[in-house]
Amino acid sequence: PANTVWGFGGAISFIGRTNPSSLSVTNSTFTNNIARGVVTDYAAGGAINVEIPAPTNVPQTVSITHNRFIGNQAVGTGTTAGQGRGGALGYSGNRQLTFRYNYLSGNVAPSGGSGVYSRFVTGTAIDATHNWWNCNAGPSSPNCDSAGDAASNVTTSPRLVLGFTPNPSSAAFGQQSLLT
């Protein structure tokens, strides 16, 4: 936790250049990582940055599942200070990236996608379904982490909605109720 880089990917920066190539990140926690750098053309990725340079179109698979992203930041510097993109994840490429069952909370990117950001892609680039976006209202709602992209190619629905069920549904003072 708490890495700061002057470039892309505060904790992980993956550039897929060979074929086949893959990246799998599972059951990890990324907290307070910061990616600083000139990010006018690419997503920065406060915690993770994935790039697939054309024309290689690799890696074959990129899967980021069952992780926690808390308080990560993608921020520019100097003349691009407000240009950070992808507080938790920044992605540039045209293969589908799987980003599912993740918990996002308090990530920051002033220029787009405090949660995830996709750039230079075609088709559905990021499958960001079944994530918790820091609120039940969903990505881009007030006080939630957001999904941003350059070409409407981040899929966020359906999303995880958290709640609880009491058993019994009501209890008198001093009695117990189990919350599931």
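Described in the following lines is the structure provided in the data block. (Residues numbered from 1 in each chain as written. Predicted model: local features only at pLDDT ≥ 70, side-chain atom pairs only at ≥ 80, totals over all residues. Heavy atoms only, no water.)

1. Overview of the overall build of the chain
Phase 1: Counting its secondary structure elements, the chain contains zero helices and 18 strands.
Phase 2: Counting the 180 residues in the chain, one finds 46% classified as buried.
Phase 3: Of the contacts made within the chain by residues no fewer than 6 positions apart, 78% connect residues no fewer than 24 positions apart.
Phase 4: Just so you have it, the chain exposes about 8600 Å², and 51% of that area is on carbon and sulfur atoms. (Helix = DSSP H or I, 4+ residues; strand = E, 2+ residues; numbered from the N terminus. Buried < 20%, exposed > 50% of the residue type's maximum accessible area, 1.4 Å probe, protein only. Contact = heavy atoms within 4.5 Å. Areas by Shrake-Rupley, 256 points an atom, 1.4 Å probe, with all protein chains shown as cover.)

2. Thoughts on the sheet that holds strand β8 (residues 68-70)
Phase 1: Sheet architecture is open: three strands sit in the order β4-β8-β12, paired in parallel fashion. Strands with a single pairing partner mark the edges of an open sheet, and in this sheet they are β4 (29-31) and β12 (103-105). Sheet twist, expressed as the mean angle between neighbouring strand axes with direction ignored, is 5°. (Pairing = 2+ DSSP bridges. Axes fitted to C-alpha atoms, helices over the stretch in contact; angles between N-to-C directions.)

3. Thoughts on the environment of Gly76
Phase 1: Tracing the chain through its elements places Gly76 in the loop between β9 (73-75) and β10 (89-92).
Phase 2: Placed 34 residues apart in sequence, Gly76 and Pro110 show a C-alpha to C-alpha distance of 8.8 Å.

4. Regarding the pairing of strand β3 (residues 22-26)
Phase 1: Covered by surrounding structure in β3 are Leu23 and Val25 only, the residues Ser22, Ser24 and Thr26 on the alternate face being uncovered.
Phase 2: Examined bridge by bridge, β3 and strand β7 (residues 61-65) share five bridges and lie parallel to one another. Looking at the pairing, Ser22 lines up with Thr61 of β7.

5. Some remarks on the nonpolar core
Phase 1: Residues Ile48, Val50, Ile64, Leu89, Leu97, Phe99 and Ile126 are the most contacted members of the largest nonpolar core, which totals 23 residues.
Phase 2: Breaking this core down by element, the ones donating at least two residues are β3, β6 (48-51), β7, β10 and β11 (97-100).
Phase 3: Contacts of Leu97, omitting those with residues within four sequence positions, involve Val50, Val62, Ile64, Leu89, Tyr91, Ala125, Ile126 and Asp127. (Core = buried A, V, L, I, M, F, W, Y, C linked by side-chain atoms within 4.5 Å.)

6. Brief notes about the pattern of salt bridges
Phase 1: For the coordinates displayed, the defined rule picks out one salt bridge.
Phase 2: With a closest N to O distance of 3.8 Å, Asp127 and Arg100 form a salt bridge. On the criterion of sequence distance, the pair formed by Asp127 in strand β14 (residues 126-127) and Arg100 in strand β11 is long-range, its members being 27 residues apart.
Phase 3: A relative accessible area of 15% means that Asp127 is categorised as buried.
Phase 4: A residue is classified by how much of its surface remains accessible, and Arg100, at 22% relative accessible area, is partly exposed. (Salt bridge = Lys/Arg side-chain N within 4 Å of Asp/Glu carboxyl O.)

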